[in-house]
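Geometric and topological summary
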Amino acid sequence: MLVIMKNDATEGEIEAVGKSIREMGYTAKPVPGVQRTTICVLGNERRVDSSHIEGLSGVMEVIHVSKPYKLVSREGGKEPIHVRIGNCEFGGTAIPLIAGPCAVEDRGQYLEVADAIKRAGASILRGGAYKPRTSPYSFQGLGEKGLEILAEAREVTGLPVCTEVMDVEHVSLVSEYTDIIQIGMRNMHNYSLLKRVGCQGKPVLLKRGMAATINELLNAAEYIISEGNWNVILCERGIRTFEEQTRNTLDLSAIPIIHELSRLPVIVDPSHACGRWMHVSPLSRAAVAVGADGLMIEVHNHPESALSDGPQSLKPELFEKLVKHLRTIAETVGRTL
Ligand code: PEP
Ligand code: MN
């Protein structure tokens, strides 16, 4: 059950509701929001009799939620959650495009590709400074130097940036530099990291684990929101199946299902899903057609010499062409780019 407090509820009223919940034998977890506090009622095995709570001072509404991901669930609130970053909004009519190389490799490379990406029409830049690589001998990212280059690219282009954090101890540093904190596929189940990014205010892009169900993804998002950070964007980036022709299998059905089950925006990363540049454009078009709230696409100025994920990176010219096609598809489904 969720108890939604009024916008002007006092600390005393919130505490009194918590006390009543505890007296009923349940646990109360207040979660602050921008406008109002929501109190999660935990520990009940069946529907709670809410009549007493509903009459308490400061209570706006009581909502019974059957799903374990109470705050994420569509049952928990009628309006979808919109996540705003500068002039971009995820979860509205517009479909923001996040683009950039897999990794920030050096200043010259990054500033050059950032400029081309902006001209092509992307709204957010991406690039890893801390790279989770399958082999310990592969390029691991430039670390803080990479974050500085991202910050410079933001300064020069005026576009917000998105980059991955891999460890709890780097969250403060990364959030000083970035506009969106990415939690990569490998860390979707890292609950201490999820809680840590939930305790700070920067929006979080949460990628679906390679072997995670939609249910597990939504519960991972609940970890972040239950710490008070409601700015969560989900990302479908392909799951591992028996198919070997693609790096992963893009689960496009996850998009309408996530919209049905949750209030959160969900974007698609076709690059990590397919692993080959020639499949990125068709999958991007399909993602927009199926209702994705954004796209994340890897773009590199010299894919053949990229330090990571070159084979799946689009050259800027091809990305620009793709953006034009996506505009038409977006319009057909009542969206804009
Ligand atoms: C990435 O976005 O660069 C990345 C490593 O993605 P994923 O975690 O989805 O593999
Ligand atoms: Mn990559």
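Because the structure is a prediction, the values reported are computed rather than measured.

**Focus on the overall build of the protein chain**
Each helix and strand counted, the protein chain has 11 helices and 14 strands in total. Relative to the 2.2 N^0.38 estimate, which gives 20 Å for 337 residues, the radius of gyration of the protein chain is 21 Å and therefore close to what a compact globule would have. Oriented by its inertia axes, the alpha-carbon framework of the protein chain measures out at about 65 × 40 × 40 Å. The buried share of the protein chain, reckoned over its 337 residues, is 54%. Pairs at least 24 residues apart make up 68% of the contacts formed inside the protein chain by residues separated by at least 6 positions. Carbon and sulfur atoms provide 51% of the accessible area of the protein chain, an area that totals close to 14600 Å². Separation of charge centres in the protein chain, based on 37 positive and 41 negative side chains, amounts to 2 Å.

**A word on the side chain of aspartate 269**
Here aspartate 269 lies in the loop between strand 13 (266-268) and helix 9 (270-274). Look past the residues within four positions of aspartate 269 in its chain and what remains in contact with it is Lys207, Cys235, Glu236, Arg237, Leu250 and Met296.

**With respect to the pairing of strand 10 (residues 180-183)**
Side chains Ile180 and Gln182 project from strand 10 onto one buried face, and the interleaved Ile181 and Ile183 project onto a second face that is buried too. Direction of pairing for strand 9 (residues 161-164) relative to strand 10: parallel, over a ladder of three bridges. Each residue of the ladder has a partner; that of cysteine 162, found in strand 10, is isoleucine 180. After leaving strand 9, the chain enters helix 5 (residues 171-177) and then returns to the sheet as strand 10, a path that is right-handed. Relative to strand 11 (residues 204-207), strand 10 runs parallel, the two sharing three bridges. If you follow isoleucine 183 over to strand 11, its bridge partner there is leucine 206. Handedness of the β-α-β unit built from strand 10, helix 6 (residues 191-198) and strand 11 comes out right-handed.

**Some points on the packing of aromatic side chains**
According to the stated counting rule, one finds one aromatic pair in the structure shown. Between tyrosine 191 and tyrosine 223 the ring centres are 4.4 Å apart and the planes differ by 20 degrees, which places this aromatic pair in the stacked class. Of this pair, tyrosine 191 sits in helix 6 while tyrosine 223 sits in helix 7 (residues 214-225), and the two are 32 residues apart along the sequence. Looking at tyrosine 191, the relative accessible area reads 34%, which means it is partly exposed. Residue tyrosine 223 is classed as partly exposed on the basis of its relative accessible area, which comes to 30%.

**Observations regarding the domain arrangement of the protein chain**
Looking at the assigned domains, one finds that the protein chain contains domain 1 (2-64) and domain 2 (83-332). Between the C-alpha centres of domain 1 and domain 2 the distance comes to 35 Å. Taken together, the contact pairs five residues of domain 1 with five residues of domain 2. Across the interface of domain 1 and domain 2, roughly 370 Å² is buried in total on both sides, 60% from carbon and sulfur atoms. Ranking the residues of domain 1 by area buried against domain 2 places Lys29, Val31 and Pro32 at the top, with a combined share of 71%. Inspection of the domain 1/domain 2 interface yields zero salt bridges. At the boundary of domain 1 and domain 2, one finds two residue pairs in polar contact (both at pLDDT 80 or more).

**Considering the coordination of the manganese ion (ligand 2)**
Distances from the manganese ion (ligand 2) to its protein donors, Cys102 (SG), His272 (NE2), Glu298 (OE) and Asp309 (OD), fall within 2.0 to 2.3 Å. When its relative accessible area of 1% is taken as the criterion, glutamate 298 is described as buried.

**A closer look at the site of ligand 1**
If you check the shell around ligand 1, you find Cys102, Arg126, Lys131, Glu164, Gln182, Gly184, Met185, Arg186, Lys207, Arg237, His272 and Glu298 and nothing else. One of the side-chain nitrogen or oxygen atoms of lysine 131 is found 2.8 Å away from an oxygen atom of ligand 1. Here methionine 185 contributes a backbone N or O atom positioned 2.7 Å from an oxygen atom of ligand 1. Burial of ligand 1 by the protein amounts to 98% of the accessible area it has alone, namely 290 Å².

**A look at helix 1 (residues 11-23)**
The terminal C-alpha atoms of helix 1, which comprises 13 residues, lie 18 Å apart, in line with the 18 Å expected from a rise of 1.5 Å per residue. Taken residue by residue, helix 1 has Ile14, Val17, Gly18, Ser20 and Ile21 as its buried positions. Looking straight down helix 1, one finds its buried side chains confined to an arc of 160 degrees; they lie on one side. Looking at helix 1, the residues exposed on the side facing more than 90 degrees away from the buried face are Glu11 and Glu23. Summarising the contacts, the buried residues of helix 1 are in contact with strand 1 (2-5), strand 2 (27-31), strand 3 (38-42), helix 2 (51-54) and strand 4 (59-63). Within two residues after helix 1, glycine 25 carries a phi angle of roughly 95 degrees, on the positive side.

Cut-offs used in this document
- Residues numbered from 1 in each chain as written.
- Chains lettered and ligands numbered in written order.
- Predicted model: local features only at pLDDT ≥ 70, side-chain atom pairs only at ≥ 80, totals over all residues.
- Heavy atoms only, no water.
- Helix = DSSP H or I, 4+ residues; strand = E, 2+ residues; numbered from the N terminus.
- Rg over C-alpha atoms; globule rule 2.2 N^0.38 Å.
- Buried < 20%, exposed > 50% of the residue type's maximum accessible area, 1.4 Å probe, protein only.
- Contact = heavy atoms within 4.5 Å.
- Areas by Shrake-Rupley, 256 points an atom, 1.4 Å probe, with all protein chains shown as cover.
- Lys, Arg positive; Asp, Glu negative; His and termini not counted.
- Charge placed at Lys NZ, Arg CZ, Asp CG, Glu CD.
- Pairing = 2+ DSSP bridges.
- Right-handed = clockwise from strand over helix to strand, strands pointing away.
- Phe/Tyr/Trp six-rings, centres within 6.5 Å; stacked < 30°, edge-to-face > 60°.
- Domains from an automatic or database assignment.
- Buried area = accessible area lost by both parts, 1.4 Å probe.
- Salt bridge = Lys/Arg side-chain N within 4 Å of Asp/Glu carboxyl O.
- Polar contact = N/O pair within 3.5 Å; in protein donor to acceptor, adjacent residues only side chain to side chain.
- Donors = N, O, S within 2.8 Å, 3.2 Å for Na, K, Ca; no water.
- Near = heavy atom within 4 Å.
- Expected span 1.5 Å × (residues − 1).
- Arc of directions from axis to C-beta.

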